Amino acid sequence: MTKLGQWLCGLALLGSAWAALALAPPGLRLPAPYRQALLPLPVYLLVAFGCYSLATVGYRLATFNDCEEAAAELQEHISAARADLRRRGLRF
């Protein structure tokens, strides 16, 4: 199973559990404070997931490794490509 499939199965499981509790089946009677906390729960989880994603991207961006050798090699390739294009008559 792919990671996407795992996430979708988990979301389906959580979503169905939330719907079962939020729709209040006849045999289940939740106290009012629980119902009030249960109804906006998906919004809270979505905001928490967004904060986690933003923090993860920020951390990965802050700890990103520079590859100076690869950058120098890429600059050499760019210079060679420009020289080849100049030789063929293209002006920059």
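Residues numbered from 1 in each chain as written. Predicted model: local features only at pLDDT ≥ 70, side-chain atom pairs only at ≥ 80, totals over all residues. Heavy atoms only, no water.

**Q** I would appreciate a short explanation of the UniProt feature "transmembrane region" (unreviewed entry) in the chain in the present structure.
**A** With numbering aligned to this structure, UniProt lists the feature "transmembrane region" (unreviewed entry) at residues 43–62. The span residues 43–62 shows a helical share of 100% and a strand share of 0%, and its end C-alpha atoms are spaced 28 Å apart. (UniProt positions renumbered as here; feature names shortened; annotations may be inferred. Helix = DSSP H or I, 4+ residues; strand = E, 2+ residues; numbered from the N terminus.)

**Q** What should I look at first to understand helix H4 (residues 68–87) in this one?
**A** Residues that lie three or four places apart on an α-helix share one face, since the helix turns once every 3.6 residues. Taking 1.5 Å of rise per residue, the 20 residues of H4 would be expected to cover 28 Å, and the 29 Å separating its terminal C-alpha atoms lies within 8% of that figure. Immediately downstream of H4, the backbone of Gly89 shows phi near 105°, a positive value. (Expected span 1.5 Å × (residues − 1).)

**Q** Teacher, can you tell me more about the pattern of salt bridges here?
**A** Pairs may arise between side chains of opposite charge once their charged atoms sit close together. Tallied over the entire structure, the rule returns 2 salt bridges. Note that Arg87 is salt-bridged to Asp84, the shortest N-O span being 2.3 Å. Pair noted here: Arg87 and Asp84 are both in helix H4, with a separation of 3 residues, about one helical turn. Residue classification places Arg87 among the exposed residues on the basis of a relative accessible area of 62%. For Asp84, the salt bridge goes to Arg88, with nearest N and O atoms at 3.3 Å. Within this structure, Asp84, Arg87 and Arg88 form a network of salt bridges that share partners. (Salt bridge = Lys/Arg side-chain N within 4 Å of Asp/Glu carboxyl O. Buried < 20%, exposed > 50% of the residue type's maximum accessible area, 1.4 Å probe, protein only.)

**Q** Teacher, can you tell me more about the environment of Ala71 here?
**A** With respect to the secondary-structure elements, Ala71 resides in helix H4. In this structure, the C-alpha to C-alpha distance between Ala71 and Thr56, residues 15 residues apart in sequence, is 25 Å.

**Q** Please clarify how the confidence of the model for the chain should be interpreted in this entry.
**A** Reading predicted coordinates in detail is not appropriate for stretches of low pLDDT. Per-residue confidence for the chain averages 91 on the pLDDT scale, and 100% of its residues sit at or above 70. Here helix H2 (residues 32–38) is the element of the chain with the lowest mean pLDDT, 87, and helix H3 (residues 41–62) is the one with the highest, 95. (pLDDT = per-residue confidence, 0-100.)

**Q** Before we go on, may I ask you to explain the layout of surface pockets in this structure?
**A** Empty space among the atoms can be located by rolling a probe the size of a water molecule over them. Each pocket or cavity is described by its volume, and for the largest pocket that value is around 450 Å³. In terms of lining, the largest pocket is formed by 16 residues, of which the most central are Leu11, Leu14, Gly15, Pro42 and Leu45. At the level of elements, helix H1 (3–22) and H3 are the ones that each hand at least two residues to the lining of the largest pocket. Among the elements that take part in the lining of the largest pocket, H1 stands out by supplying 9 residues, more than any other. For the lining of the largest pocket, the per-class residue count stands at 13 nonpolar, 3 polar and no charged. (1 Å grid on protein atoms, 1.4 Å probe; cavity = no way out; pocket = protein on both sides within 12 Å on 5 of 7 lines; lining within 4 Å. Points joined across faces, edges and corners; volume = space filled by probe spheres on them. Nonpolar A, V, L, I, M, F, W, Y, C, P; charged D, E, K, R; others polar.)

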